[in-house]
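Each chain, written out:
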Amino acid sequence: MITSTANVQVKNLIQLKKKAKERRKQRLYVVEGVRMFAEAPPDRIERIYVSASFAADSAHAKLLQSKERVSVPAGSAVNSFRTQLIQDRRVEILADSVFDYVSDTRTPQGILCLMRMENHAPDELFRSENGVWLVLENLQDPGNLGTMFRTGEGAGISGVIMDACTADIYNPKTIRSTMGSIYRVPFLITEDLPDMLYRMKSGGIRVFAAHLEGSVCYDEPDYTKGTAFLIGNEGNGLTEEAASLADAHIRIPMKGQVESLNAAMAAGLLMYEAERQRRRN
């Protein structure tokens, strides 16, 4: 059992939790909670940490080896892998006070794990011929970003493209907001968003920019073919360069004195409008 906050593994967990630079360097990130562990792809788990209280609970102990855990397909490959994790001593027990120290939540559930980052190539992301993609420019709120992933999964999108200025997808707050969707929604981070937009357009994907000065109401265009929704910064919207590359500027009509919706809410409306049109067809 690890009983000191000065332990090298504990210090590393703190670094990974707080610093995006360290996460990128090690290609690792931290997820916390029973659900995030249960849904984690087994082959991406690097190490599991549990509190002493969690380890002492028989029901919790079974979670690490159970054949039927939440949102994880039953199967000998999955179960044997998690059993092997324990046998290989890739499960570390932390004293309760130490676990509380490394936890990013007010009421820790007693389990967290290190996950290996996944690289998604453009060819993988654009595999769907008539998919729907969310393209984000300089989005800053981690909660908004995580909510977009979760909503996007529900709406059946093909993936998310983010520029390098967008909030870190591996930020603990973002990860919690995804509610597990980070494992299942393909995404990539691009250093050159205009070039990526050109690539999408050349592949037959129509790009629609959510814009306050949009001339077309969001439910008017046809989204049943390859479609990308371009969403900008919460306060400043899209840059002129990015907006100029869109095939159309669309708007969500507002009543009263409201000028715009929360970015995650707006993205949700657009993604579900595309899902509605495709469902009707």
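Whatever comes next refers back to the structure up there.
All values derive from a computational prediction rather than experimental measurement. (Residues numbered from 1 in each chain as written. Predicted model: local features only at pLDDT ≥ 70, side-chain atom pairs only at ≥ 80, totals over all residues. Heavy atoms only, no water.)

Caption draft 1: Representation of unusual backbone geometry. Phi is positive for N138, close to 55°, though the residue is something other than glycine. Relative to the elements of secondary structure, N138 occurs in the loop between β5 (132-136) and α9 (142-155). For M179, which is not glycine, the phi torsion reads 55° and is therefore positive. Within the fold, M179 resides in the loop between α10 (172-178) and β7 (187-190). Note on M179: relative accessible area 28%, which makes it partly exposed. (Helix = DSSP H or I, 4+ residues; strand = E, 2+ residues; numbered from the N terminus. Buried < 20%, exposed > 50% of the residue type's maximum accessible area, 1.4 Å probe, protein only.)

Caption draft 2: Here's a closer look at helix α1 (residues 8-18). All of the buried residues in α1 are V10, L13, I14, L16 and K17. Down the axis, α1 shows its buried residues gathered within 165° of arc, on one side only. Buried residues in α1 make contact with α2 (20-26), β1 (28-32), β2 (45-51), α7 (96-102), β4 (111-116) and α10. One side-chain oxygen of the residue at the start of α1 lies 2.7 Å from the amide nitrogen of Q9, identifying that residue as N7. (Arc of directions from axis to C-beta. Contact = heavy atoms within 4.5 Å. Polar contact = N/O pair within 3.5 Å; in protein donor to acceptor, adjacent residues only side chain to side chain.)

Caption draft 3: Looking closely at the sheet that holds strand β3 (residues 91-94). If you trace the four strands from one edge of the open sheet to the other, you get β1-β4-β2-β3, paired in mixed fashion. The outermost strands of the open sheet, each flanked by one partner alone, are β1 and β3. In this sheet, adjacent strand axes meet at a mean angle of 20° when their direction is disregarded. (Pairing = 2+ DSSP bridges. Axes fitted to C-alpha atoms, helices over the stretch in contact; angles between N-to-C directions.)

Caption draft 4: Quick look at a positive patch on the surface. A grouping of K18, K19, K21, R24 and K25 is seen on the molecular surface, where their side chains present a positively charged patch. Residue contributions to the positive patch peak at three residues, all from α2. Along the chain, K18 turns up in helix α1. (Patch = residues over 30% accessible without salt bridge, like charges linked within 9 Å, V, L, I, M, F, W, Y side chains within 5 Å. Areas by Shrake-Rupley, 256 points an atom, 1.4 Å probe, with all protein chains shown as cover. Salt bridge = Lys/Arg side-chain N within 4 Å of Asp/Glu carboxyl O. Lys, Arg positive; Asp, Glu negative; His and termini not counted. Charge placed at Lys NZ, Arg CZ, Asp CG, Glu CD.)

Caption draft 5: Structural context of a negative patch on the surface. Taken together, the side chains of E191, D192, D195 and E241 present a region of like negative charge at the surface. Looking at the secondary structure, you find D192 in the loop between β7 and α11 (193-202). Residue classification places D192 among the partly exposed residues on the basis of a relative accessible area of 38%.

Caption draft 6: Summary view of the nonpolar core. Core analysis: the biggest nonpolar cluster contains 47 residues, and Y29, L134, L136, M148, V160, I182 and F229 have the highest contact counts within it. Among the elements that make up this core, the one with the highest residue count is helix α13 (residues 263-280) (six residues). Beyond its immediate chain neighbours, meaning those up to four positions away, L134 contacts M148, I157, G159, V160, I161, F229, I231, A267 and M271. (Core = buried A, V, L, I, M, F, W, Y, C linked by side-chain atoms within 4.5 Å.)

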